Amino acid sequence: MRKALTIAGSDSGGGAGIQADIKTFQELDVFGMSAITAVTAQNTLGVQAVYPMAAEAVENQIKSVGVDIGADAIKMGMLFNAEIISIVAKQIRRFNWSKVVLDPVMIAKGGAPLLQQEAVHALKQFLLPLSAVLTPNIPEAQVLTGMTIRNLEDKKEAAKRLLDLGVKNVVIKGGHEENPNESNDIFYDGKSFSVLHSPRLLTKNTHGTGCTFSAAITAEMAKGLPVLDAVLIAKEFIQAAIEDGLELGKGHGPTNHGAYKKKQVQVL
Ligand SMILES: Nc1ncnc2c1ncn2[C@@H]1O[C@H](COP(=O)(O)OP(=O)(O)OP(=O)(O)O)[C@@H](O)[C@H]1O
Ligand SMILES: Cc1ncc(CO)c(N)n1
């Protein structure tokens, strides 16, 4: 069985972070493993508290997986601080992992910081050059490039700048765009651009969309798919999960990780 490791934060509410990643891996028939970087007290209303792990604890979780089980692909989500970032980078190099997906999580939907501002530099310096795929949303792409993104041309320019920082492929996600009809993502591999179209679904239940999308890319890469094919499946996966979003809690409910598989079965 193919194996994927997520290095990310725990979401007690179960919709984002490690929990979203493991559910997504499972739905896509990949064995999920985790290295927890921080524990968040979180629900559909927001993040109530963040408890970062000691960098050594993160390092040892990755080592335990790497020396024994191994991983076909790696995903990184919330990393919180520069010390954790630098230790994660060291372990990725040590195990020679190349199918590495970096979701540069910075701020939760309610505004809580999930990455310290002073750690952005470390993320760019240590992790972008080790990543096969980077999946920023628009605000994250703006922070990483220092440019304002208003339209498709800006997205293309930002994607080029991100590749100049060492990442091999980038998907700039459109969830935060003000387009009322569509939520389009753009993919760039250094040679050509692809626009991944989807209708914008009118729902408040979008907690964990970014985590779920990048975990699905990771799972498909673990199975050996080329990056663009993995991204296209992930787009279908997140679309189905949002369409079937769950009305749980009093705020932004989670997406339904089981929706994609259910849809496949119906088609058969
Ligand atoms: N309302 C929506 N309708 C359709 N697709 C959406 C919607 N919101 C987000 N998406 C899709 O979900 C994926 C994740 O995008 P988004 O920009 O929301 O990520 P994110 O901001 O990192 O998520 P998070 O809020 O979990 O951190 C993208 O493929 C995006 O196009
Ligand atoms: C733990 C965690 N990681 C990532 C996100 C971003 O959605 C979140 N809300 N919580």
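Residues numbered from 1 in each chain as written. Chains lettered and ligands numbered in written order. Predicted model: local features only at pLDDT ≥ 70, side-chain atom pairs only at ≥ 80, totals over all residues. Heavy atoms only, no water.

Where an unreviewed UniProt entry is consulted, the chain appears under the name Hydroxymethylpyrimidine/phosphomethylpyrimidine kinase, with the organism given as Peribacillus deserti. Word for word, the UniProt comment on the chain under Sequence similarities (unreviewed entry) is "Belongs to the ThiD family." (UniProt positions renumbered as here; feature names shortened; annotations may be inferred.)

Caption draft 1: Region of the structure containing the overall build of the chain. Counting its regular elements, the chain contains nine helices and nine strands. Taken over the C-alpha trace, the chain has a radius of gyration of 17 Å; the compact-globule value for 268 residues is 18 Å, and the two agree within 12%. By principal-axis analysis of the C-alpha atoms, the chain measures approximately 45 × 40 × 35 Å. Considering the chain as a whole, with its 268 residues, one finds that 54% of them fall into the buried category. In the chain, of all internal contacts separated by at least 6 residues, the share reaching a separation of at least 24 is 67%. When the accessible surface of the chain is totalled, it reaches about 11700 Å², and 53% of it is carbon and sulfur. Positive and negative side-chain charges in the chain, numbering 27 and 27 respectively, have mean positions lying 2 Å apart. (Helix = DSSP H or I, 4+ residues; strand = E, 2+ residues; numbered from the N terminus. Rg over C-alpha atoms; globule rule 2.2 N^0.38 Å. Buried < 20%, exposed > 50% of the residue type's maximum accessible area, 1.4 Å probe, protein only. Contact = heavy atoms within 4.5 Å. Areas by Shrake-Rupley, 256 points an atom, 1.4 Å probe, with all protein chains shown as cover. Lys, Arg positive; Asp, Glu negative; His and termini not counted. Charge placed at Lys NZ, Arg CZ, Asp CG, Glu CD.)

Caption draft 2: Summary view of the packing of helix 1 (residues 17–27) against helix 7 (residues 209–222). For the pair helix 1 and helix 7, the least separation of the axes is 8 Å and the interaxial angle reads 40 degrees. Taken together, helix 1 and helix 7 sit at an angle that is classed as oblique. Helix-helix and strand crossings are classified by hand; for helix 1 and helix 7 the assignment is right-handed. Along the contact surface, helix 1 presents Gly17, Ala20, Asp21, Thr24 and Phe25, while helix 7 presents Cys211, Thr212, Ala215, Ala216, Thr218 and Ala219. Split into classes, the residues belonging to the contact of helix 1 with helix 7 amount to six nonpolar, four polar and one charged. (Axes fitted to C-alpha atoms, helices over the stretch in contact; angles between N-to-C directions. Parallel < 35°, antiparallel > 145°, perpendicular 65-115°, else oblique. Left-handed = near helix turned anticlockwise from the far one by under 90°. Nonpolar A, V, L, I, M, F, W, Y, C, P; charged D, E, K, R; others polar.)

Caption draft 3: Structural detail: unusual backbone geometry. A positive phi angle, close to 70 degrees, is found at phenylalanine 80, a residue other than glycine. Counting through the fold element by element, phenylalanine 80 comes out in the loop between strand 4 (73–76) and helix 3 (82–94). Given a relative accessible area of 12%, phenylalanine 80 falls into the buried group. For asparagine 96, which is not glycine, the phi torsion reads 60 degrees and is therefore positive. As for its placement among the helices and strands, asparagine 96 is situated in the loop between helix 3 and strand 5 (100–102).

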